[in-house]
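Spelled out from the first residue to the last, the chains are:
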Amino acid sequence: VLAVGCSPLEDRIELFDVEWCADARVEPAACIVDGDTFDLATCAETDVAESERVRMLGVDAPEVAHGDEPADCYGAEASDYLADVLEGRALRLEFDDECEGNFGRTLAWVFIDVESDDPLAEHLVSLDNFGVQEDGSFEVLVNELVIRAGYARLYSDIGEGRYDRRLIEAAQQAAYSGEGLWGVCNG
């Protein structure tokens with residue numbers, strides 16, 4: 001009985017029809033494009049052929065300024081926030097049933113590990129101990145974090161993804177508490 005209780009959940013239950021488009025992998029972020037998109041390896045502006053652009057699943061961050069188009073309300077703040085969260089960290093990318101979306105971007109769930117002495121930990125504590133583990137460290141689903149912290153909304157077609165329920169709850173909490181864009185942007 002003890003061996004069963006200590007084995008991973010996946011080893012104790014049979015999962016049906018669970019097929020992800022790719023195995024999880026760890027990568028660093030090279031450049032932040034906006035509040036829900038970033039490049040791996042190198043920045044696309046410098047070498048498009050060697051870069052992989054990642055779009056976070058379930059997240060709809062306000063747009064940053066593009067050419068003559070002004071930024072959406074909270075667009076610059078969302079982009080800066082994602083940079084603060086991701087830059088210099090190892091990112092664990094997990095996938096859902098489709099690996100590629102519009103414009104050839106990789107679609108991923110993005111996780112980071114944060115130690116209790118990391119400057120980001122204080123922010124996570126202020127969000128009701130967001131992602132806290134038993135040892136005081138944090139395992140953070142970044143897609144969920146940017147929504148919970150008020151830097152993005154839910155993507156319009158959310159509902160059937162691997163972690164969609166978590167994102168829906170994060171959006172409800174952010175809206176209720178008036179976090180970030182919920183407190184300053186209309187619509």
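Located above this text is the structure these notes cover.
Note that this is a predicted model, so its numbers are computed, not measured.

Colleague: Could you give an account of the pattern of salt bridges, with specific residues and numbers?
Modeller: Evaluated as defined, the whole model comprises twelve salt bridges. Of the charged contacts, one joins Glu 94 and Arg 162 as a salt bridge, the two residues approaching to 3.4 Å between their closest N and O atoms. In this pair, Glu 94 sits in strand 5 (residues 90–94) while Arg 162 sits in the loop between strand 8 (153–154) and helix 6 (164–177), placing the two residues 68 residues apart along the sequence. The exposure class assigned to Glu 94 is buried, which follows from its relative accessible area of 9%. Salt bridges here are not isolated pairs; linked through shared partners, they connect Arg 92, Glu 94, Glu 139 and Arg 162.

Colleague: Can you lay out the state of the cysteines for me, pointing to particular residues and giving the numbers?
Modeller: In this structure the tally under the stated criterion is three disulfides. Paired by a disulfide, Cys 31 and Cys 43 hold their sulfur atoms 1.4 Å apart. Across the S-S bond linking Cys 31 and Cys 43, the dihedral sits near 45°, which makes this disulfide right-handed. Of this pair, Cys 31 sits in strand 1 (residues 25–34) while Cys 43 is found in the loop between strand 2 (37–40) and strand 3 (52–56), placing the two residues twelve residues apart along the sequence. Cys 43 gets classed as buried once you look at its relative accessible area, which sits at 19%. For Cys 73, the disulfide goes to Cys 185, at an S-S distance of 2.0 Å. Here the S-S torsion is close to -80°, and the disulfide linking Cys 73 with Cys 185 is therefore left-handed. Linking Cys 73 in the loop between strand 4 (59–60) and helix 3 (75–86) with Cys 185 in the segment after helix 7 (181–184), this pair joins segments that are 112 residues apart in sequence. For the chain, the bonded cysteines pair up as 1-5, 2-3, 4-6 when numbered in the order they occur along the sequence.

Colleague: Could you give an account of unusual backbone geometry, naming the residues involved and the relevant values?
Modeller: Positive phi, close to 65°, is recorded for Phe 103, a residue that is not glycine. Here Phe 103 is to be found in the loop between strand 5 and strand 6 (106–114). Positive phi values are uncommon outside glycine, yet Asn 129 reaches one of about 55°. In this structure, Asn 129 sits in the loop between helix 4 (119–126) and strand 7 (138–141). With relative accessibility at 37%, the residue Asn 129 sits in the partly exposed group.

Procedures and definitions
Residues numbered from 1 in each chain as written. Predicted model: local features only at pLDDT ≥ 70, side-chain atom pairs only at ≥ 80, totals over all residues. Heavy atoms only, no water. Salt bridge = Lys/Arg side-chain N within 4 Å of Asp/Glu carboxyl O. Helix = DSSP H or I, 4+ residues; strand = E, 2+ residues; numbered from the N terminus. Buried < 20%, exposed > 50% of the residue type's maximum accessible area, 1.4 Å probe, protein only. Disulfide = S-S within 2.5 Å.

Take it as geometry only, folks, not as evidence of what the structure does.
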